[in-house]
Amino acid sequence: MSKRENIVVSKEDLKKQQVFTEKVRKILEDRYKDTMPMAHVHSYGCQQNISDGEKIKGMLALMGYGFTNSTSDADLVIYNTCAIRENAEDRVFGNVGALKHIKKKNPNMIIGLCGCMMQQKHIVEKLKKSFPYVDLIFGTHVVHELPQNIYNALTMDKRVFNVPDSDGVIVEDLPIKRDGTIKAWVPIMYGCNNFCTYCIVPYVRGRERSREPELILNEIKQLISEGYKEITLLGQNVNSYGKGLDEEITFSELLRRINALDGDFRIRFMTSHPKDATKELIDTIAECDKVCNHLHLPVQSGSDRILKLMNRHYNREQYMELINYAKAKIPDLSFTSDIIVGFPTETEEDFKGTIDLIKEVEYDSLFTFIYSKRVGTKAAEMEDPITNKEKSERFQYLLDVQKDIGVEKYKKYVGKTVRVLVDGEGKSGEDYLTGRTDNFIIVDFKGDKSLIGQFVDVEITQALNWALLGKICE
Ligand code: SAH
Ligand code: SF4
Ligand code: F3S
């Protein structure tokens, strides 16, 4: 058997799960008679998790569950957790704690936890010991075994734990209940091989593995035929897409093939790792009209010393070379990034390097994080003499610097007309709609709700800190 066949979950295994789906359906029909059992599924963390959550909901719908936003009228609660930073984990523990009282009122309620936190032994131990009312725990590599897990939770008089150690699998053809009707997430690869020293993802998501291009294209064709207008391709490092596939294919080639599909839709992708992002990628963005003029290129730090300690495999000069190439090639390309403040041993000098870099690139916006120690990672072993107070001050300073850059950038849009995909009601007042430009900027404007899901041209009248205001062009 080839290595690849070991990675892709077989049709027979999925059939077994279908049998469990039917069994669960019968049990629920017997138990709930004329009422519909309700599930509350909440995903924390990145789009990868959100995408898994949509599959979980897809499987639950086939089992006969309806869905509720509230935990108090739920018969099944599933929290799909994130382990990226301590505050993400704390939030989950807080919310699981709150379920204790709700379960007292509704003892038949099943509480299930899955996602990245569950792939950490110390977390599962803590849940086993201190949260006895949690009924079901399953890991990121066995999401497709949900029917069997729910069956066991419903029929066995003991708690269910299903968290195998694994390098990870690919599961095709799972049912998906998508959260939206306009924008869709499409994973093109799973896992990560990069082991950035601060990051837990490679430990909880397994090794990097790519989906077959044909299957990705088919999924996207289907989405377009259903009326989706924006497709975001997901992977921890999309630029290394294709490794391990029989067919030789790069991420740029995949983008070109998706771009060639008929229909009025946009393509986004995340995340690009700077060590693998190439000039060819920039050329591809330039040449493909459906690929958005936006590049999320997380730099993490502007100090070469820190980048080395982070195991990022690029330096500031290489990063800036790509940014400058992109700026020259696509003048209205917008850049966003992730920044970690307070990585172990980060000095004022290192931090200044990050500030200088931010000013040089002129990002449209940043996702900024204070370093959080993750059990089992290399950075967790590093000495860290920097106080939390210093880290918080740096963090605040960075936000202020970026705010000024953002405001200046946004001002330049006043008087211009931009194309916006309307995705909902806006926060700027009554009758306002909101959407994003091709280059990822939020635009609020007055308009009729019937425009939601359509592309409209908007003339920008005002720049706010976080968004643009405008009016629809007649
Ligand atoms: N694969 C993506 C990032 C996924 S995690 C990439 O390489 O760009 C999203 C972001 O969370 C990271 O870019 C990083 O900025 C942040 N992050 C990850 N681990 C962290 C930690 N331990 N503390 C603080 N921020 C962290
Ligand atoms: Fe984490 Fe680095 Fe992998 Fe991104 S590339 S998921 S930051 S290890
Ligand atoms: Fe969090 Fe897991 Fe994503 S740790 S950021 S949900 S891959």
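Here, every reference points to the structure presented above.
Source: prediction; values computed, not measured.

K.L.:
Explain the site of ligand 1 here, please?
P.N.:
Surrounding ligand 1, one finds 15 residues, the nearest of these being Tyr198, Gln236, Gln300, Asp338 and Ser372. A distance of 3.0 Å separates a nitrogen atom of ligand 1 from a polar backbone atom of Tyr198. Ser372 has a polar backbone atom sitting 2.8 Å from a nitrogen atom of ligand 1. In isolation ligand 1 offers 540 Å² of accessible surface; the protein chains occlude 90% of this area. Going through the elements one at a time, β13 (334-341) and β14 (365-370) are the ones with two or more residues in the shell around ligand 1. For the shell around ligand 1, the per-class residue count stands at 7 nonpolar, 4 polar and 4 charged.

K.L.:
Quick question: what am I supposed to make of the sheet that holds β13 here?
P.N.:
Think of a sheet as strands paired side by side through backbone hydrogen bonds, with each pair either parallel or antiparallel. Strands sit in the order β12-β13-β14 across an open sheet of 3 strands; the sheet is parallel. Looking at the sheet topology across the chains shown, the edges are occupied by β12 (294-296) and β14. Pairs of neighbouring strands in the sheet enclose a mean axial angle of 10°, with direction left out of account. Pairing analysis gives 6 bridges linking β13 to β14, with the strands arranged parallel. Bridged to Ile339 within β14 is Thr368. Packed on one face of the sheet, helix α14 (residues 388-411) meets β13 and β14 and runs near 175° to β14.

K.L.:
When you look at the pattern of salt bridges in this model, what are you seeing that I'm missing?
P.N.:
It is possible for side chains of opposite charge to pair when their charged atoms get near one another. Within the structure shown, the criterion is met by 31 salt bridges. Between Lys103 and Asp135 there is a salt bridge whose closest N-O contact spans 2.7 Å. Pair noted here: Lys103 is in helix α4 (residues 86-105) and Asp135 is in the loop between α5 (121-130) and β5 (136-138), with a separation of 32 residues, a long-range link. For the residue pair Lys103 and Asp135, the accessibility class agrees, reading buried in each case. When the shortest N-O distance is used, the salt bridge between Arg394 and Glu348 registers 3.1 Å. Here Glu348 lies in helix α13 (residues 348-361) and Arg394 lies in helix α14, a separation of 46 residues in the sequence. What makes Arg394 buried here is its relative accessible area of 4%. A single network of salt bridges, built from pairs that share partners, joins Glu247, Glu253, Arg256, Arg257 and Glu280.

K.L.:
Any chance you could explain the layout of surface pockets here in plain terms?
P.N.:
To find leftover empty space, a probe the size of one water molecule is rolled over the atoms. As a volume, the second largest pocket reaches approximately 530 Å³. When residues of the lining of the second largest pocket are traced back to their parent elements, those giving at least two are β13 and β15 (417-425). Among the elements that line the lining of the second largest pocket, the one with the most residues is β15, at 3 residues.

K.L.:
Could you clarify how one ought to interpret empty space enclosed by the protein in this entry?
P.N.:
Tallied over the entire structure, the rule returns 1 cavity of 30 Å³ or more. Estimated volume of the largest cavity: approximately 200 Å³. Contributing to the lining of the largest cavity are 16 residues, with Asp52, Thr140, Val169, Val171 and Tyr190 lying nearest its centre. In terms of residues, the lining of the largest cavity owes the most to one element, helix α3 (residues 47-63), which gives 3 residues. Of the residues that constitute the lining of the largest cavity, the class distribution is 7 nonpolar, 5 polar and 4 charged.

Thresholds applied
- Residues numbered from 1 in each chain as written.
- Chains lettered and ligands numbered in written order.
- Predicted model: local features only at pLDDT ≥ 70, side-chain atom pairs only at ≥ 80, totals over all residues.
- Heavy atoms only, no water.
- Near = heavy atom within 4 Å.
- Polar contact = N/O pair within 3.5 Å; in protein donor to acceptor, adjacent residues only side chain to side chain.
- Areas by Shrake-Rupley, 256 points an atom, 1.4 Å probe, with all protein chains shown as cover.
- Helix = DSSP H or I, 4+ residues; strand = E, 2+ residues; numbered from the N terminus.
- Nonpolar A, V, L, I, M, F, W, Y, C, P; charged D, E, K, R; others polar.
- Pairing = 2+ DSSP bridges.
- Axes fitted to C-alpha atoms, helices over the stretch in contact; angles between N-to-C directions.
- Contact = heavy atoms within 4.5 Å.
- Salt bridge = Lys/Arg side-chain N within 4 Å of Asp/Glu carboxyl O.
- Buried < 20%, exposed > 50% of the residue type's maximum accessible area, 1.4 Å probe, protein only.
- 1 Å grid on protein atoms, 1.4 Å probe; cavity = no way out; pocket = protein on both sides within 12 Å on 5 of 7 lines; lining within 4 Å.
- Points joined across faces, edges and corners; volume = space filled by probe spheres on them.

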